[in-house]
Each structure stands twice: as C-alpha cells, then as structure tokens.
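Now for the letters of each chain:
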Amino acid sequence: AQSVSQHNHHVILSEAASLELGCNYSYGGTVNLFWYVQYPGQHLQLLLKYFSGDPLVKGIKGFEAEFIKSKFSFNLRKPSVQWSDTAEYFCAVNGGFQKLVFGTGTRLLVSP
Amino acid sequence: DTAVSQTPKYLVTQMGNDKSIKCEQNLGHDTMYWYKQDSKKFLKIMFSYNNKELIINETVPNRFSPKSPDKAHLNLHINSLELGDSAVYFCASSHVITGTSSYEQYFGPGTRLTVT
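For clarity, every value in this text was computed on a predicted model and none was experimentally measured.

Student: What should I look at first to understand the nonpolar core in this one?
Tutor: In globular proteins that are soluble, nonpolar side chains generally tend to be buried together. All names here are of chain A. Among the nonpolar cores identified, the biggest contains 29 residues, and Trp-35, Leu-48, Phe-74, Leu-76 and Tyr-89 are the most heavily contacted of them. Taken together, the elements giving at least two residues each to this core come down to β2 (10-14), β3 (19-21), β5 (33-38), β6 (44-50), β8 (64-68), β9 (73-78), β10 (87-94) and β12 (106-111). Among the elements that line this core, the one with the most residues is β10, at four residues. With sequence-adjacent residues up to four places away left out, Phe-74 is seen in contact with Cys-23, Leu-33, Phe-34, Trp-35, Leu-48, Lys-49, Tyr-50, Val-57, Ala-65, Glu-66, Phe-67 and Cys-91.

Structural data, given as structure tokens:
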C-alpha cells in the first residue's frame, strides 16, 4: 500500500529563515508527487507537483521541491520564509485510480 | 467562477440525525472525490467517482452514501450521525493532464461538520 511520511509535525521559524520540510513516500510504481498548502481556515491549494522530467520543480510563492528517487523523497524548500507562509503543508503521492494518499501534514509557524 | 464549491460551509447537528453535503465542480472534470480531514488535520480519501461511477470506496461506514447525479456533482449523505463524524469534509475533482497519465486534484473550500 502507498504511504507518505512527513517527519516534521511542527516547525517554527523566524521570518527570512530557510525552510525544508521532509517527505518520504512508499510506492512501487511511477509516482506523481504533490505538495499542498492549507492556510488557516482555508482549503487545500496546490503548491507544486512532480510528474516526470527535471527532478527539481518550482512552485508558487517561491517554493520548490526536489524528487530524489533513490531516497524516495520529495522535500519542500523555500530559501526565505515570510509570516504569510504560516500554514499546514501536506505532501501527497498518487495511489492509483487517481487517488491521492496524504502525509500527516506539517504545521509551519513563521514568527515576524 | 468558483471551480469546486461545497454547501454548506458549516453544519452543526445532533447525534442520530441525517444530513447531506453537496459538491459541484464547473471544471469539466470526470472524476470527483470526498476526503475527510480529522481534528489532527489528517486527510483521508473516502470515495471517488468517475463519470458517475463509484471507483473508490475506502472502508467507510455504510452510513455514508455518496451520490453522483451527473459528473459535475457529487453529494455525500450521512445517516445516523455520530460524534466521531465531526470533521472537515473536502470535495475535490481531477482531470488527466493531456498527453500524460498524470492528474491534478482541485479542492473545494470544505464543510466543517460538528456533531453534538
């Protein structure tokens, strides 16, 4: 069965600090990988996705993620966070039949 | 120009009642989903429909019954509500990216269900 692990449950950073959120997946087939963000009280929005090709993908709001197949990882990065990045971040992997399997999420708090 | 919409946004009801949540997408997608997000923010798929046909049913109690009158709508009916049903329910839809076997899901704003 497919699974996704996000090891950082809570992350607290100051503004301008760099961010890296870990995501490891377990899936035997061709993977599609996603990072979604959920701002307080809002719905999920797609930050970025990896389908194929360049393993370093750029997303919205300055986020990027790197797919490392040998490590089954898809870590999210941002060089300099802002207070407005405070949110919950979810990594997800396709699970066949267009089903997404989500990680447990990482709550990011950025202090001004 | 809302892409995926859900009603109601908030639903407060008592144990034992029956309630429905509606979802509509105007993106022309063939596949729609219901996800449940619990109090710890964990998201798990419940159902998926493709062209009005059920394709995913993830060991959800029989009290939950999805209905898709057409491919733009996927409603969720819940019978005999229990305290543990309190959660945020998200509807989503997806399409296959042209020329690939990959897809992207778009989520609705969520319905916060509180069972007292």
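Structure's up, so let's keep going.
Student: Sorry, what's going on with the state of the cysteines here?
Tutor: Note on terminology: disulfide describes a covalent bond linking the sulfur atoms of two cysteines. All names here are of chain A. Using the criterion set out here, one finds two disulfides over all chains in the structure. Residue pairing for Cys-23: its cysteine sulfur links by disulfide to Cys-91, the two sulfurs lying 1.9 Å apart. Here the S-S torsion is close to -65°, and the disulfide linking Cys-23 with Cys-91 is therefore left-handed. Taken as a pair, Cys-23 in the loop between β3 and β4 (24-26) and Cys-91 in strand β10 lie far apart in primary sequence, 68 residues in all.

Student: Looking at this structure, I do not really get the pairing of strand β9 (residues 87-96) of chain B. What am I missing?
Tutor: Regular strands place their side chains on alternate faces of the sheet. All names here are of chain B. Here β9 lies mainly inside the structure; eight of its 10 residues are buried. In this structure, strand β4 (residues 31-37) lies alongside β9, joined through seven bridges in antiparallel fashion. Its bridge partner lying in β9, Gln-37 is registered against Val-88. Where β9 and strand β11 (residues 111-115) come together, three bridges link them in antiparallel fashion. Bridging across to β11, Tyr-89 finds its partner in Thr-111. Relative to strand β10 (residues 103-107), β9 runs antiparallel, the two being bridged by five bridges.

Student: What should I look at first to understand the interface of chain A and chain B in this one?
Tutor: Many analyses report the size of an interface as the accessible area lost when the parts associate. Taken together, the 22 residues of chain A in the interface contact 24 residues of chain B. Contact with chain B buries area across many residues of chain A, yet Gln98(A), Lys99(A) and Phe102(A) alone supply 30% of it, more than any other trio. The interface formed by chain A and chain B includes one salt bridge. Across the pair Glu104(B) and Lys49(A) runs a salt bridge, and its minimum N-O distance is 3.0 Å. Put simply, chain A and chain B have four residue pairs in polar contact (both at pLDDT 80 or more) between them. Contributions of two or more residues to the side of chain A that touches chain B are made by β5, β6, β10 and β11 (100-102) of chain A. Looking at the side of chain A that touches chain B residue by residue, the classes come out as nine nonpolar, nine polar and four charged.

Student: Hey, could you run me through the side chain of Ser68(B) in this one?
Tutor: All names here are of chain B. When you line up the elements, Ser-68 lands in strand β7 (residues 64-70). Separated by 3.0 Å, the side chain of Ser-68 and the backbone oxygen of Asp-70 make a polar contact. For Ser-68, the residues in contact, after removing those within four places along its chain, are Tyr-49, Lys-52, His-73 and Leu-74.

Student: Where do I start with the packing of aromatic side chains in this structure?
Tutor: Any pair of aromatic rings gets described here by the distance separating the centres and the angle formed by the planes. Residue and element names in this part refer to chain A. Applying the stated criterion across every chain, the model contains 15 aromatic pairs over all chains. When the ring of Phe-34 is compared with that of Phe-51, the centres are 5.8 Å apart and the planes differ by 75°; the resulting orientation is edge-to-face. A residue pair is termed long-range when its members are at least 10 positions apart, and Phe-34 in strand β5 and Phe-51 in the loop between β6 and β7 (56-58) qualify at 17 residues. Comparing Phe-34 with Phe-51 shows no difference in burial state: the two are buried.

Student: I would appreciate a short explanation of the pattern of salt bridges in the present structure.
Tutor: Residue and element names in this part refer to chain B. With the rule as written, the count across this model stands at 10 salt bridges over all chains. Here Glu-82 and Arg-63 are joined by a salt bridge, their closest N and O atoms 3.4 Å apart. Taken together, the residues span a long stretch of sequence, with Glu-82 in the loop between β8 (73-78) and β9 and Arg-63 in the loop between β6 (53-57) and β7 at a distance of 19 residues. Judged by its relative accessible area of 43%, Glu-82 is partly exposed.

Student: When you look at the sheet that holds β7(B) in this model, what are you seeing that I'm missing?
Tutor: Strand pairing in a sheet relies on backbone hydrogen bonds, with the paired strands running either antiparallel or parallel. Residues and elements named next belong to chain B. Across the sheet, which stays open at both edges, the four strands sit in the order β1-β3-β8-β7 with antiparallel pairing between neighbours. A single partner strand is all that each edge strand has here, and the edge strands are β1 (4-7) and β7. Taking the axes of each pair of neighbouring strands and ignoring which way they run, one obtains an average angle of 20° across the sheet. As judged from the four bridges shared by β1 and strand β3 (residues 19-25), these two strands associate in the antiparallel manner. Within the sheet, the bridge partner assigned to Gln-6 lies in β3 and is Cys-23.

The rules behind the values
- Numbering of residues starts from 1 in each chain and follows the order in which that chain's sequence is written.
- Here the convention is simple: chains get letters from A, ligands get numbers from 1, in the order in which they are written.
- It should be noted that, the model being predicted, local features are given only for residues of pLDDT at least 70 and side-chain atom pairs only at 80 or more, the latter also being counted only at that level, while totals for whole chains, interfaces and linings use all residues.
- Each side-chain value is worked out from all heavy atoms of the structure, with water and hydrogens disregarded.
- As used here, the term nonpolar core means buried Ala, Val, Leu, Ile, Met, Phe, Trp, Tyr and Cys residues forming a set that is joined through side-chain atoms within 4.5 Å.
- Whether a residue is buried, partly exposed or exposed follows from its accessible area with a 1.4 Å probe, protein chains only, as a fraction of its type maximum: under 20%, in between, or over 50%, in that order.
- Secondary structure elements follow DSSP: runs of H or I no shorter than four residues count as helices, runs of E no shorter than two count as strands, and numbering proceeds from the N terminus.
- The contact rule is simple, with two residues in contact once any of their heavy atoms fall within 4.5 Å.
- Here, the term disulfide refers to a pair of cysteine sulfur atoms separated by no more than 2.5 Å.
- Two strands qualify as a pair provided DSSP detects at least 2 bridges between them.
- Accessible-area loss on putting two parts together, using a 1.4 Å probe and summing over both, is the definition of buried area adopted here.
- The term salt bridge refers to a pairing of a side-chain nitrogen on Lys or Arg with a carboxyl oxygen on Asp or Glu at a separation within 4 Å.
- The definition of a polar contact used here is a pair of N or O atoms within 3.5 Å, where within protein one atom must be able to donate a hydrogen and the other to accept one, and adjacent residues in sequence count solely through side-chain atom pairs.
- All residues other than Ala, Val, Leu, Ile, Met, Phe, Trp, Tyr, Cys, Pro, Asp, Glu, Lys and Arg, Gly among them, are scored as polar; the first ten of these are nonpolar and the last four charged.
- Pairing of aromatic rings covers Phe, Tyr and Trp, the last counted by its six-membered ring, and requires centre-to-centre distances within 6.5 Å; plane angles under 30 degrees mean stacked, over 60 mean edge-to-face, and any other angle means tilted.
- An axis is simply a line fitted to the C-alpha atoms; with a helix, the fit covers only the stretch in contact. Between two such axes, the angle follows the N-to-C directions and lies from 0 to 180 degrees.

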